[in-house]
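Each chain, letter by letter, is given below.
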Amino acid sequence: MGATSLNPSDLKNKVLPADLLAVDQIHSAVEGTLAATPFIDIHTHLFSPAFGKLGLWGIDELLTYHYLEAEFFRSSNTTPEQYWKLSKRERADAIWRALFVGNSPISESTRGIIAVLQAFDLPTDASALEEAREFFNAQSIEQHIRKVFEIAGVSDVVMTNDPLDPEEQPVWLKGDQDHEQFHAVLRLDRILWGWPKHWQQLASQGYAVDEKASGKSIGEVRRFLADWHKRMRPLYMAVSLTDAFFYPDDSITSKILGEAVLPSCREFGLPMSLMIGVRRQVNPRLRLAGDAVGRADLRALENLCRSFPENRFLVSVLSRENQHELCVYARKFNNMMPFGCWWFMNNPSIVEEITRERIELLGTTFIPQHSDARVLEQVIYKWRNTRRTLAPILTNAYKLIYDDGGGISRRHIQRDVNRLFRSNFENWTSLRAG
Ligand code: RAT
Ligand code: ZN
């Protein structure tokens, strides 16, 4: 590599070894590779067909997504109390009228609806939703899932499975959830921070636990996790934590995390996913849409990564202000993998900023995105947006290599895209490419 940087005309005329791309070929090579590589969606709220009604899909579910409900209340005089009294269909109609007929759908979530309608050749400017409803009603779920994943360019999706959810539990107990594209995750919110409300559920299932998580409780939580590990075969364990989360402290959360959950993760060879920074229910009238964001003290993460070097942590943070520290911690601790641009971060301008920063600090040792989809067809627009935002960012990163006198081939690009969207996750979990 030469020490002096090349100017643009030198770059054009540079004689390249056989498989290296010319600078003006990079963008299309990156776009082509992103389009042709099936991604693993490492965190969603989707469910396989075995879970029946828990799996959401179709236009009414798409329109009543809580990201859109939050926007609806800004563009309508309907109060939340009036809204919650409506049927699902009436809510979808109200949201369609307010955000799509009465307004231009320029926000991230509203554009997503347009992209999904367009993907199925449905009208994007209709005054009513009948045609879309007819289309979705006519689909059979297994086939529809295959089609949606194909359009979205995803091979696998990872679910969020709560063993204490009364609707989900019976499906696991029956033991008929086994789908080659949907993978389980043992989600522990009810245990890790919801203990005071939920410990009795464990007790009623025969685990000798108490309200203070004292005595035998820790051993019994481990027995519970072992039983659910056997039942679910999860790829990782997970929890979402508030901006006030700290470790260590004298909370039940710290105790169960450090003494039960992390040892179990080690025993089963599973990473622990920490999603940090939610401020729950700042406006309870909005229900699921009522959560906000707060900056967290990431020294908690530092303490975890240092105290548990044998554990691996997948980490996403919700506050923009925490993103840079997260990258710095990843440089200090190779048992931590930053992932995704979560929830309020999943907007092109922020994704761009975060991803550039991650590439600059971490190369390809992070997982750029997950969809967080709650409704099946959302994977179409969420992954389309990710590819669109990522293409110029990666292109720019490669062009800088040229600028500094190096080169890049399609093979390099494919290797990097694989790492980012597949093998960084595969190598940390038991999910292996087909
Ligand atoms: O993005 C979301 O839909 C949030 O409501 C949360 O579900 C978050 O992703 C989580 O997993 O806690
Ligand atoms: Zn989520």
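Described in the following lines is the structure provided in the data block.

Calculation rules
- Residues numbered from 1 in each chain as written.
- Chains lettered and ligands numbered in written order.
- Predicted model: local features only at pLDDT ≥ 70, side-chain atom pairs only at ≥ 80, totals over all residues.
- Heavy atoms only, no water.
- Helix = DSSP H or I, 4+ residues; strand = E, 2+ residues; numbered from the N terminus.
- Expected span 1.5 Å × (residues − 1).
- Buried < 20%, exposed > 50% of the residue type's maximum accessible area, 1.4 Å probe, protein only.
- Contact = heavy atoms within 4.5 Å.
- Donors = N, O, S within 2.8 Å, 3.2 Å for Na, K, Ca; no water.
- Arc of directions from axis to C-beta.
- Phe/Tyr/Trp six-rings, centres within 6.5 Å; stacked < 30°, edge-to-face > 60°.
- Lys NZ or Arg CZ within 6 Å of the ring centre and 35° of its normal.
- Near = heavy atom within 4 Å.
- Polar contact = N/O pair within 3.5 Å; in protein donor to acceptor, adjacent residues only side chain to side chain.
- Areas by Shrake-Rupley, 256 points an atom, 1.4 Å probe, with all protein chains shown as cover.
- 1 Å grid on protein atoms, 1.4 Å probe; cavity = no way out; pocket = protein on both sides within 12 Å on 5 of 7 lines; lining within 4 Å.
- Sits in = over half its atoms within 2 Å of the grid points.
- Nonpolar A, V, L, I, M, F, W, Y, C, P; charged D, E, K, R; others polar.
- Points joined across faces, edges and corners; volume = space filled by probe spheres on them.
- Disulfide = S-S within 2.5 Å.
- Pairing = 2+ DSSP bridges.

## Quick word on helix α6 (residues 88-101)
Then step 1. Over its 14 residues, α6 extends 18 Å from the first C-alpha to the last, a length consistent with the 20 Å expected when each residue adds 1.5 Å.
Then step 2. Three or more residues of α6 are buried, namely Arg91, Ala92, Ala94, Ile95, Trp96, Ala98, Leu99 and Phe100.
Then step 3. The inward-facing, buried residues of α6 abut α3 (59-63), α4 (66-72), α5 (80-85), α7 (108-119) and α8 (130-137).

## Thoughts on the coordination of the zinc ion (ligand 2)
Then step 1. The coordination sphere of the zinc ion (ligand 2), as far as protein atoms go, consists of His43 (NE2), His45 (NE2) and Asp372 (OD), spread over 2.0 to 2.1 Å.
Then step 2. All donors of the zinc ion (ligand 2) come from a single chain, and their spacing in sequence reads H-x1-H-x326-D. Remark: Asp372 occurs in the loop between α17 (348-362) and α18 (378-403) and His43 occurs in the loop between β1 (39-41) and α3; sequence separation between them is 329 residues. As far as burial versus exposure is concerned, His43 and Asp372 are alike and both buried.

## Brief notes about helix α2 (residues 26-36)
Then step 1. Taken together, the buried positions of α2 are occupied by Ile26, Ala29, Val30, Thr33 and Leu34. Down the axis, α2 shows its buried residues gathered within 130° of arc, on one side only. α2 presents Ala35 and Ala36 as exposed residues on the side facing more than 90 degrees away from its buried surface.

## Structural notes on the environment of Ala119
Then step 1. The topology assignment puts Ala119 in helix α7.
Then step 2. Between the C-alpha atom of Ala119 and that of Glu377, which follows or precedes it by 258 residues, the distance is 9.7 Å.
Then step 3. When residues no more than four places from it in sequence are discounted, the contact partners of Ala119 are Ile151 and Ile380.

## Some words on the packing of aromatic side chains
Then step 1. Inspection of every chain in the model, using the stated rule, returns 21 aromatic pairs.
Then step 2. Geometrically, the ring pair formed by Phe72 and Phe73 is edge-to-face, given 5.3 Å between the ring centres and 65° between the ring planes. With respect to burial, Phe72 and Phe73 carry one shared label: buried.
Then step 3. Ring geometry for Tyr207 and Phe224: centres 5.3 Å apart, planes at 85°, overall edge-to-face. Taken together, the positions of Tyr207 in the loop between α12 (195-204) and α13 (217-232) and Phe224 in helix α13 put the pair 17 residues apart, joining distant regions of the chain. With respect to burial, Tyr207 and Phe224 carry one shared label: buried.
Then step 4. One Lys or Arg, Arg91, reaches over the ring of Tyr83 and ends 5.3 Å from the middle of that ring.
Then step 5. The cationic tip of Arg312 hangs over the ring face of Trp428; the distance from NZ or CZ to the ring centre is 5.5 Å.

## Some words on the site of ligand 1
Then step 1. Residues in contact with ligand 1, as listed here, are His43, His45, His66, Tyr67, Arg187, Ser240, Trp342, Trp343, Asp372 and Arg374.
Then step 2. Between ligand 1 and His66, the relevant distance is 2.9 Å, taken from an oxygen atom to a side-chain nitrogen or oxygen of the residue.
Then step 3. Between Trp342 and ligand 1, the recorded distance is 3.0 Å, taken from a side-chain N or O atom to an oxygen atom.
Then step 4. If ligand 1 stood free it would expose 310 Å²; the protein chains cover 93% of that surface.
Then step 5. Using a 2 Å cut-off from the grid points, one finds that ligand 1 occupies the largest pocket.
Then step 6. In the shell around ligand 1, the residues fall into three nonpolar, four polar and three charged.

## Remarks on the layout of surface pockets
Then step 1. Quantified by volume, the largest pocket comes out at close to 1500 Å³.
Then step 2. Lining the largest pocket are 41 residues, with His45, Asp165, Arg187, Leu288 and Arg374 sitting closest to its centre.
Then step 3. Broken down by secondary-structure element, the contributors of at least two residues to the lining of the largest pocket are α4, α6, α11 (189-192), α12 and β6 (272-279).
Then step 4. Among the elements that line the lining of the largest pocket, the one with the most residues is α4, at three residues.
Then step 5. The residue makeup of the lining of the largest pocket, split by class, is 14 nonpolar, nine polar and 18 charged.
Then step 6. The volume enclosed by the second largest pocket comes to roughly 330 Å³.

## Observations regarding the state of the cysteines
Then step 1. Taken as a whole and judged by the stated rule, the model has zero disulfides.
Then step 2. In this structure Cys305 is not part of a disulfide, and its nearest cysteine sulfur, from Cys265, lies 13 Å away.
Then step 3. Looking at Cys341, it has no disulfide partner, and the nearest cysteine sulfur is the one in Cys327, 9.8 Å off.
Then step 4. In this structure Cys341 comes out as buried when scored by relative accessible area, which is 1%.

## Points about the side chain of His183
Then step 1. Along the chain, His183 turns up in strand β3 (residues 182-183).
Then step 2. Of the polar contacts made by the side chain of His183, one reaches the backbone oxygen of Glu180; its length is 3.5 Å.
Then step 3. For His183, the residues in contact, after removing those within four places along its chain, are Asp156, Val157, Val158, Met159, Asn161, Leu235 and Leu431.

## Considering the environment of Thr253
Then step 1. The residue Thr253 is located in helix α14 (residues 252-268) in this model.
Then step 2. Along the chain, Thr253 and Arg306 lie 53 residues apart, while their C-alpha atoms are 18 Å from each other.
Then step 3. Not counting chain neighbours up to four residues away, the residues in contact with Thr253 comprise Leu192, Trp193, Leu241 and Phe245.

## Re the pairing of strand β2 (residues 154-158)
Then step 1. Of all five residues in β2, five are buried; the element is thus mostly enclosed.
Then step 2. When β1 meets β2, the two strands line up parallel, connected through three bridges. The residue of β2 that forms the bridge with Asp41 is Val157.
Then step 3. Relative to β3, β2 runs parallel, the two sharing two bridges. Bridge assignment links Val157 to a residue of β3, and that residue is Phe182.

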